[in-house]
Amino acid sequence: MVIPKLGRSPSIRDRVEDTLSAHRNELVALLSRYVAQGNGILQPHHLIDELDNIVGDDVGRQKLSDGPFGQILKSAQEAIILPPFVAIAVRPRPGVWEYVRVNVHELSVDQLSISEYLRFKEELVDGMFNDYYVLELDLEPFNATFPRPNRSSSIGNGVQFLNRHLSSNMFRNKESLEPLLDFLRAHKHKGQVMMLNDRIQSISRLQSALVKAEDHLTKLPPETPFGEFEYVFQGMGFEKGWGDTAQRVLEMIHLLLDILQAPDPSTLETFLGRIPMVFNVVILSPHGYFGQANVLGLPDTGGQVVYILDQVRALESEMFLRIQKQGLDVTPRILIVTRLIPDAKGTTCNQRLERVSGTEHTHILRVPFRTEKGILRKWISRFDVWPYLETFAEDAASEIAAELQGIPDLIIGNYSDGNLVASLLASKLGVTQCTIAHALEKTKYPDSDIYWKKFDDKYHFSCQFTADLIAMNNADFIITSTYQEIAGTKNTVGQYESHTAFTLPGLYRVVHGIDVFDPKFNIVSPGADMCIYFPFSDVEKRLTALHGSIEKLLYDPEQNEEHIGMLNDRSKPIIFSMARLDRVKNITGLVECYAKNAKLRELANLVVVAGYNDVKKSNDREEIVEIEKMHELMKNYDLQGQFRWISAQTNRARNGELYRYIADTKGIFVQPAFYEAFGLTVVEAMTCGLPTFATCHGGPAEIIEPGVSGFNIDPYHPDQVAAVMVDFFEKCKEDPSYWNKISDGGLQRIYERYTWKIYSERLMTLAGVYGFWKYVSKLERRETRRYLEMFYILKFRELGKFSSPGDR
């Protein structure tokens, strides 16, 4: 039997050279077409489209398409054209990149390093230059010894991988278990010792004490309160924190005995998740108007506010439950730290402290932005907050200490500004940090890195991208709502993945910014508040008292600042959408898509809830453009009688009933964004039983199972979007049960994956596991943090000194 030799996989360079040998004419023709377009960046669809246009016989073109170079093009993310060179960034799979450059005149091929590729790309902006000493940010050496998975399918399952790593380390010998013992012995809350006292000094002493405790507990009734055997337990070396009853304590002891005997990943996760570690949580969200009423729809104020308010209600409930089950008499506290805005536009954003409704011990703590000139009184855009954040972090630290009478156990940042402040606070206080990006702007604005100077006066992306890099690398763990947020899809780059390597010419070059395989990444999807969002079929809970105001909102003929447009035929189902009125949310794109399709207009009415309908009301640059565009569409396509534009609605209870009212018409919900990191409105609509059509770009592609629990649509192909909706309504006409089938499929999907109960349980477990990981790996992380501190001081501080509108 001949055993085949194992050889290395051919590199990208090898494949290009092989193609040059086998299909020289066709490849030269293709590359020449690229070069003929002059200096610039070609996107994936441009690269593929040109393949169809090369001159030559069809057989040769097909062979080139099917061969190694065709495969390269299918996984190419961009090509840099600087005649006679074509440099291609190839992504064979999520998180893995290679770079190759071809000289079309000499037909020579070079494999490029990340640094070489970025330097070549910079020539688009700066031309040829000889400065080899550009500041390069490279975090890879700090993570070289850190464990990480290598399969793309493992991305986003960090805690599972980390538990496998920790349990396999513990299995080596008894010395490897010492960090766990030290961690349990060091565990305190406000000076009160928990878990173990000084009687237990070694692993062997711990094991024998556990066996004694097990023997004692098995003789007690399962529901015996901890207080009845607390004194005996202290004598053995155990303190509070093991459980509230004999049964609960025995479960914990069995878990630890199993870990000491044969560590297992799931056992370790369960045990660490039950150790009472998190009593005080601080959540950062500085920008926008953060309040509980009359804020939704105001500039920079939308899904993130809803997300956090729903999050804290579920989180407080879970913290109470866990603390109680572990036998502790401690009151958990959660503080949402945001900006205090004196000119609050009729909201509560000028109040320092505000309890969150539906909670007992969760408050919004507002801290103003200030400079040497005093406190900023007015709202400023999220793109202009950077000069104020360091002082805000210092002031917030003092306010937090005063409220909590101590330091938090967990700090959670939200969006770029909140995550930077969370990084500053976590570093100062030595606290576990969780990062939630919601949306990283870099993927929303194509080429916003390479051409950052064009964007900077308006958006200050140089500050934002720098802050994002600092926060994602400083965080102990990162939560995302979807896989795509981290590593995209087979054909699209993930939000975090886009920060792996990029350049801001003239500023710095990132050669290893973040590794999407890092076990700090975890997918934890949020849900909708089920007190507000529940199925339309749940008749007893329906808010019928609101139906009068909802009908007025939809059908009142008066044209005013709350609603314009008319719906003449009330028997038609309603196509419904609700979002901020900005370019990315693409509400005007949906209106245009509807307006251009006569069949769709015949089958259904269109209602959108978005922004203001009067440009004089808005201060937001993007929103003003969209308002003007919406009015043009209404006029140009004569939408009167079929279209209703309702201004942003801040009454969540009525919004929930509005979804259900739309469902009563046998309507649908459409989310047409060009990109959506998660899609909270998608979850809300599905939770109300409304069949949902949502963008295929971003999170909704993971939420919806096409044709089962909803439909994915591509906003870049509006004709196809309209066709999908027409097909749905026609099927429903033929078979009314089809609407119910999709409605039920959406509800089933929500109950399986997207509830706040599942979310809060997972978040608390992550906090436990990563709190332990932070403790056992603190030495290795210190170098990274010092490097990031230097980057912050030398780069971010200077970038953040621009003159903000708040100063003028």
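Note that the coordinates shown come from a computational prediction; the quantities given were computed from them, not determined experimentally. (Residues numbered from 1 in each chain as written. Predicted model: local features only at pLDDT ≥ 70, side-chain atom pairs only at ≥ 80, totals over all residues. Heavy atoms only, no water.)

Visitor: Explanation requested: the packing of aromatic side chains in the structure shown.
Guide: Aromatic ring pairs: the centre-centre distance and the angle between the two ring planes describe each pair. Under the definition given, this model contains 44 aromatic pairs. Measuring from ring centre to ring centre gives 5.2 Å for Phe226 and Phe229, while their planes differ by 75°; the resulting arrangement is edge-to-face. For the pair Phe226 and Phe229, one class covers both residues: buried. Ring geometry for Phe477 against Tyr770: centres 4.9 Å apart, planes inclined by 20°, an arrangement best described as stacked. Taken together, the residues Phe477 in strand E17 (residues 477-480) and Tyr770 in helix H29 (residues 756-776) connect sequence positions 293 residues apart. (Phe/Tyr/Trp six-rings, centres within 6.5 Å; stacked < 30°, edge-to-face > 60°. Buried < 20%, exposed > 50% of the residue type's maximum accessible area, 1.4 Å probe, protein only. Helix = DSSP H or I, 4+ residues; strand = E, 2+ residues; numbered from the N terminus.)

Visitor: Would you explain the sheet that holds strand E5 (residues 108-112) in this entry?
Guide: One key point about sheets: their strands pair by backbone hydrogen bonds, in either a parallel or an antiparallel sense. Ordered by their spatial adjacency, 5 strands build an open sheet running E1-E2-E3-E4-E5, and the pairing between neighbours is antiparallel. The two strands at the open ends of the sheet, each matched to only one other strand, are strand E1 (40-42) and E5. Neighbour-to-neighbour, the strand axes of this sheet turn through a mean angle of 20°, independent of strand direction. Bridge count between strand E3 (residues 85-93) and strand E4 (residues 96-103): 7 bridges; the pairing is antiparallel. Bridging from a neighbouring strand, Phe85 pairs with Asn103 of E4. Helix H1 (residues 12-22) contacts E3, E4 and E5 of the sheet and is inclined by roughly 170° relative to E5. Packed onto the sheet, helix H2 (residues 24-36) meets E1, strand E2 (76-82), E3 and E4 and runs at close to 110° relative to E3. (Pairing = 2+ DSSP bridges. Axes fitted to C-alpha atoms, helices over the stretch in contact; angles between N-to-C directions. Contact = heavy atoms within 4.5 Å.)

Visitor: Explain the packing of helix H8 (residues 158-170) against H29 here, please?
Guide: Two quantities define a packed helix pair, namely the angle between the axes and the distance from one axis to the other. At their nearest, the axes of H8 and H29 sit 11 Å apart, and the two run at 45° to each other. When the axis of H8 is compared with that of H29, the two are oblique. Where H8 crosses over H29, the two elements pack in a sense that is left-handed. In this structure, H8 uses Gly158, Val159, Gln160, Leu162, Asn163, His165, Leu166 and Met170 to contact H29, whose residues at the interface are Arg762, Leu766, Val769, Tyr770, Phe772, Trp773 and Val776. Of the residues assigned to the contact of H8 with H29, the class counts are 10 nonpolar, 4 polar and 1 charged. (Parallel < 35°, antiparallel > 145°, perpendicular 65-115°, else oblique. Left-handed = near helix turned anticlockwise from the far one by under 90°. Nonpolar A, V, L, I, M, F, W, Y, C, P; charged D, E, K, R; others polar.)

Visitor: Could you clarify how one ought to interpret the confidence of the model for the protein chain in this entry?
Guide: For the protein chain, per-residue confidence averages 92 on the pLDDT scale, and 97% of positions sit at 70 or higher. Every residue in residues 1-7 scores below 50 in pLDDT, and together they form 0 contacts with partners more than four places removed in sequence or on other chains. (pLDDT = per-residue confidence, 0-100.)

Visitor: So what exactly am I meant to see when it comes to the pattern of salt bridges here?
Guide: All chains considered together, the criterion is met by 48 salt bridges. The salt bridge partner of Asp515 is Arg148, with a shortest N-O separation of 2.9 Å. Here Asp515, found in the loop between strand E19 (508-512) and strand E20 (521-523), pairs with Arg148, found in the loop between helix H7 (140-143) and H8; they are 367 residues apart in sequence, far enough to count as distant. Here Asp515 falls in the partly exposed class, since its relative accessible area comes to 27%. (Salt bridge = Lys/Arg side-chain N within 4 Å of Asp/Glu carboxyl O.)

Visitor: Is there a simple way to think about unusual backbone geometry in this case?
Guide: Most peptide bonds adopt trans geometry, and most residues besides glycine take a negative phi value. For the bond running from Pro83 to Pro84, omega is 10°, close enough to zero to count as cis. In this fold, Pro84 is placed in the loop between E2 and E3. The phi dihedral of Asn294 is positive, around 60°, even though this residue is not glycine. Along the polypeptide, Asn294 turns up in the loop between strand E9 (280-284) and helix H14 (303-325). A positive phi angle, close to 60°, is found at Tyr415, a residue other than glycine. For Tyr415, the position within the fold is in helix H16 (residues 415-429).

Visitor: Would you take a moment to explain the pairing of strand E22 (residues 574-578) for this structure?
Guide: It is a general feature of regular strands that their side chains alternate between the two faces of the sheet. Of all 5 residues that make up E22, 5 are buried, and the element is covered over most of its length. What you see with E22 is no split at all: Ile574, Phe576 and Met578 on one side and Ile575 and Ser577 on the other are buried throughout. Alignment of E22 against strand E23 (residues 605-609), held across 5 bridges, turns out to be parallel. Within the sheet, the bridge partner assigned to Ser577 lies in E23 and is Val608.

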